[in-house]
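Here is how the chains run, residue by residue.
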Amino acid sequence: MPRRPGQWLVLLRAALVVAAVVVVGVTDFPSSYVPWAWAAVGFFAVVTVLSAALSATELGRAARVRARALLIALDAVVAVGFISVLSYQTGEPYRALYLIPIAEAALRFGLVGGLVSGAVMTGSTIAIDAIGPGLQWRTAFARVLVGVLSGLVIGRLRDTINAERSRVEARAAEAERLRDELGHRVDVLETANRCARALGSSLELDEAFGAFIRELRALVPFERTAIVLLEDGTATTMATAGRGAGEVFPPGNSDPVEGSVLERVLGGKIVVRRDLSRREFPSDDRLLALGLQSELVAPLQLGARTIGMIGLSRERIDAFSEDEVELVALLGRLVATAVQNIRAYEAERRRVEELARLSQLRADFVSLVSHELRSPMAAVIGAARTLQDRWRMLSAAQRESFLALIGDETSRLAALVGDVLDTSRIEAGTFSYRLEEVELGRVVDEAVEAAALAQQEVPVVVSVRGGLPTIRGDRARLRQVLGNLIENAVKYSPEGGEVRVSAVTANGAIRIAVRDAGPGIPRDQQIRIFEKFGRVDVPGASKPGTGLGLFIARSIAEAHGGSLDVSSGVEPGATFTLTLPVGG
Ligand code: ADP
């Protein structure tokens, strides 16, 4: 089946050629007209073959228009030919053939085509009449009227239909464009949604960023991306992906904000850098070295606050479209919200852990203090009762030993209460010092002697190199610190294990070290023992104590401008080092 109007016209012409053969065959022409009549049929047949050939040929738009005009002109010649050969008699009905080229031209070329061919065809029939059977003005007028009107009406109709068709086509194209755009937006929204879900998929920043970057790749392709957060006034890289991810500004890298691209986005504006070779920022050289030429940097925006930036780089110059700029700005806000949520969660978790730790410390303290108070108290009460009830029955030596026990235990109690009081004063900031000139060498000797006198199981030896200078400080408090360190060393040493106290002066500081041969202190507990109530848990081997001594000792050392530290693990036992500045 023919599909195009041109193909229909070829078929129609072919049918008409057959009809013309029949008509010419049966018509009784005057003998001089017969050759002309067959010539007209032959010409018509040639035109039909030509039209078939043209219709089968693929032509460009302009050539097609020219071919159509040619065929209409040839059809007009055919029509004029037939009208002429049939004009040997007046009132010939085939004269109406002149309307066919008019209709054809009007259909093909609209109003203009209709009017032009109307004028040509009616003019031709009038000329034929004038030459042949003679012109009748009434008939000629009617023919002009019908010819021009046909051209006008058909041409106008065709123009209207064409205009309508163009409008419908334009609307269809617009609808298609809108559908595509809508589809694209839905895709973008879905991917943005996936990005948001990826950001919320973990409460660890690193993991959340990793998942986000994986989704981002599908949404806005990039050769390199980096997420940078503003931390304590520096630009800290949190995550990178793509070119040079592990080498150029890798995660954990910190740079000053001043003069960086982050400073530019801090105002909340997105920065599109079409050509990095203009080298506006120090980072540009390194990005260029990776073959990157353009960059899109969006702020991580929380309300009016910028907490960092997300940067995407590509190897082409001016590689980011407006849609992408808008999208990355939106992603910047998503990332900022995720960062805020994760940080809030982390802060909350730390607080809860700290509260739990404090609450545990308090519970430990209550049980410790009650335990530490109860046992000496029970001993004192027991000894006092025995003395009271059996005074006469006891020998003088037995009385002495009970009284000594009462003395020792009350001293322990007094020391314990003293530690608790000191701690609360340190915390309240009312722990006072009485400053004087202190001969440290003597203080060390006294503390060592006292420890040696108090027990015989653990020998305490002292070595002071080159004597110790005098410093300005609180003698009693410094003695308390050294007493505590040596007491601990003795307490945690096995029987016979030596405690060595050494002191040196170097680089404007006096360093007094107390070393023992005890179990030492695990590295992960070394911070804890200086905290209030901080003790090392050694199941089955714990010694009595409150965990306040080292807290107080470090506070005293720091109040003197010095420090107190521990080292343990390299050699057996633990070494506590008290450092005091000579200037004091
Ligand atoms: P206390 O000895 O009263 O518990 P301290 O504050 O003096 O309190 O010591 C805190 C903790 O540090 C102790 O409970 C103990 O676990 C640990 N410690 C202190 N000195 C030593 C030491 N020389 N060897 C091993 N552990 C020690």
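Preceding this paragraph is the structure being described.
Since this is a predicted model, take the numbers as computed values, not measurements.

### Focus on the sheet that holds strand β5 (residues 294-302)
Turning to step 1, where the next piece is worked out: What the six strands build is an open sheet, ordered β3-β2-β1-β6-β5-β4; its pairing is antiparallel. Looking along the sheet, the strands with just one partner apiece sit at the ends: β3 (254-256) and β4 (271-273). Across the sheet, the axes of successive neighbouring strands diverge by a mean angle of 25 degrees, strand direction being ignored.
Turning to step 2, where the next piece is worked out: Two elements, β4 and β5, share three bridges in a ladder whose sense is antiparallel. Pairing of Val271 across the sheet is with Val297, part of β5.
Turning to step 3, where the next piece is worked out: Against the sheet, helix α6 (residues 205-219) contacts β1 (224-231), β2 (234-242) and β6 (305-314), and its axis sits at roughly 50 degrees relative to β2.
Turning to step 4, where the next piece is worked out: The strands that helix α9 (residues 322-390) touches are β1, β4, β5 and β6; relative to β5, the one it contacts most, it runs at about 45 degrees.

### Concerning the side chain of Glu104
Turning to step 1, where the next piece is worked out: The topology assignment puts Glu104 in helix α4 (residues 99-131).
Turning to step 2, where the next piece is worked out: A relative accessible area of 9% means that Glu104 is categorised as buried.
Turning to step 3, where the next piece is worked out: Every residue in contact with Glu104, bar those within four places of it in the chain, is listed here: Leu9, Arg13, Ile72 and Asp75.

### So, the pairing of strand β10 (residues 499-506)
Consecutive side chains along a regular strand alternate between the two faces of the sheet.
Turning to step 1, where the next piece is worked out: Across five bridges, the pairing between strand β8 (residues 460-464) and β10 is parallel. Residue pairing in the sheet places Val462 in a bridge with Val501 of β10.
Turning to step 2, where the next piece is worked out: Across seven bridges, the pairing between β10 and strand β11 (residues 509-515) is antiparallel. Paired with Thr505 across the bridge in β11 is Ile510.
Turning to step 3, where the next piece is worked out: In this antiparallel pair of consecutive strands, β10 and β11, the connection spans two residues, and Asn507 shows a positive phi of 50 degrees.

### As for unusual backbone geometry
Turning to step 1, where the next piece is worked out: Its identity is not glycine, yet Phe249 carries a phi of approximately 45 degrees, on the positive side.
Turning to step 2, where the next piece is worked out: Topologically, Phe249 is positioned in the loop between β2 and β3.
Turning to step 3, where the next piece is worked out: A relative accessible area of 17% means that Phe249 is categorised as buried.
Turning to step 4, where the next piece is worked out: Positioned with a positive phi, Asn507 is a non-glycine residue whose angle comes to about 50 degrees.
Turning to step 5, where the next piece is worked out: Given a relative accessible area of 78%, Asn507 falls into the exposed group.

### So, the nonpolar core
Turning to step 1, where the next piece is worked out: Counting 46 residues, the largest nonpolar core has Leu440, Ile486, Ile512 and Phe576 as the members making the most contacts within it.
Turning to step 2, where the next piece is worked out: Mapped onto this core, the elements with two or more residues apiece are α9, α11 (440-454), α12 (475-492), β10, β11, α13 (549-559), β12 (563-568) and β13 (574-581).
Turning to step 3, where the next piece is worked out: Examining the composition of this core, we find that seven residues originate from one element, α12, more than from any other.
Turning to step 4, where the next piece is worked out: In contact with Ile512, not counting residues within four places along its chain, are Leu440, Val444, Leu482, Val501, Ser502, Ala503, Phe576, Thr577 and Leu578.
Turning to step 5, where the next piece is worked out: Within the second largest apolar cluster, 33 residues are counted, among which are Leu296, Leu302, Ile310 and Val339.

About the criteria used
- Residues numbered from 1 in each chain as written.
- Predicted model: local features only at pLDDT ≥ 70, side-chain atom pairs only at ≥ 80, totals over all residues.
- Heavy atoms only, no water.
- Pairing = 2+ DSSP bridges.
- Helix = DSSP H or I, 4+ residues; strand = E, 2+ residues; numbered from the N terminus.
- Axes fitted to C-alpha atoms, helices over the stretch in contact; angles between N-to-C directions.
- Contact = heavy atoms within 4.5 Å.
- Buried < 20%, exposed > 50% of the residue type's maximum accessible area, 1.4 Å probe, protein only.
- Core = buried A, V, L, I, M, F, W, Y, C linked by side-chain atoms within 4.5 Å.

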